[in-house]
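Spelled out, the chains give:
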Amino acid sequence: MNAQTESRLIDGPAGAIELAIDRPEGVARATAVIAHPHPLHGGTLTNKVVQTLARAAVLAGMVAVRFNFRGVGRSGGQYDEGRGETDDLMAVVQSEAPSGPLALAGFSFGSYVTSQALQRLHPVRDVRELVLVGTAASRFQVAPVPQELQARTLVVHGELDDTVPLSAVMDWARPQSLPVVVVPGGGHFFHGQLPLLRELVWRHWRP
């Protein structure tokens, strides 16, 4: 993301996991772990939406931790349909934020994996904030957001998303009465609207 981005490897359940870490100026108030889109469709930690989420986290005073799922970049292993990827996310949390304030964010397939990890984390960790962008509700069984976390959750979707139809996200959100922020004219990758996405996420995450 910038010259200050720290790149390193940690041990994961299927081999090494590649990390990219960006830090705010001064003392960080939380750690945000951010999950990228589908590994078999070009998803990596350098995805522009993922980088936008990281920028918003840093602007909000958080350490932003992006990582490559198994089989992507320098991460070992191979694609595991979300199961192993959830284990990867859990390993990143355990390594980089084993205690203290935690935020989670995911884009597309990453939102599905984040929802699955949240089911494991919620009973044992106070997840302060949750951001789901381009939630892959038409393609995967995205877990519902625990009711007590809904007020701290931001769901953002593009009006014209042709990868995950907005209607599928509304069908997922409706039983939870979970609000969805719709970006008018937005597509799945928010081309031309990344500054707006960053602003929306920063507003949600700022202290």
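So, a few notes on the structure that sits alongside this text. Computed from a prediction, not measured in an experiment: that's the story for all the values here.

A word on the packing of aromatic side chains
Inspection of the entire model under this criterion finds seven aromatic pairs. Ring centres 5.1 Å apart and planes at 85° place the aromatic pair Phe67 and Phe69 in the edge-to-face group. Here Phe67 and Phe69 have matching classes, each one buried. For the ring pair Phe69 and Phe109, a centre distance of 5.6 Å and an interplane angle of 85° mean the geometry is edge-to-face. Of the two residues, Phe69 is situated in the loop between strand 4 (62-67) and helix 2 (83-96) and Phe109 in helix 3 (residues 109-121); the sequence distance between them amounts to 40 residues. Of the two residues examined, Phe69 and Phe109, each falls in the buried class. Chaining the aromatic ring pairs together yields one cluster made of Phe67, Phe69, Tyr79, Phe109, Tyr112 and Phe140. Geometry around Trp202 places Arg206 over its ring, the cationic atom sitting 4.8 Å from the centre.

Some points on unusual backbone geometry
A positive phi angle, close to 60°, is found at Ser108, a residue other than glycine. In this structure, Ser108 sits in the loop between strand 5 (102-107) and helix 3. Ser108 sits in the buried class, given a relative accessible area of 9%. Positive phi is not limited to glycine here, since Ser177 has a value of about 50°. As for its placement among the helices and strands, Ser177 is situated in the loop between helix 4 (166-173) and strand 8 (181-183).

Rules and cut-offs
- Numbering of residues starts from 1 in every chain and runs along the sequence as written.
- Per-residue local features are limited, in this predicted model, to residues with pLDDT of at least 70; the limit for side-chain atom pairs, both in listing and counting, is 80 or more; totals at the level of whole chains, interfaces and linings are taken over all residues.
- The side-chain figures draw on all heavy atoms in the structure; neither hydrogens nor water molecules are used.
- Pairing of aromatic side chains here covers Phe, Tyr and the six-membered ring of Trp, requires ring centres within 6.5 Å, and sorts the geometry by plane angle: under 30 degrees stacked, over 60 edge-to-face, intermediate tilted.
- The cut-offs for exposure are 20% and 50% of the maximum accessible area for each residue type, with area from a 1.4 Å probe on protein chains only; residues under the lower value are buried, those over the upper are exposed, and the others partly exposed.
- Helix and strand assignments follow DSSP, with helices taken as H or I runs no shorter than four residues and strands as E runs no shorter than two, numbered in order from the N terminus.
- Both a distance and an angle decide whether a charge sits over a ring: NZ of Lys or CZ of Arg must be within 6 Å of the ring centre and within 35 degrees of the ring normal.

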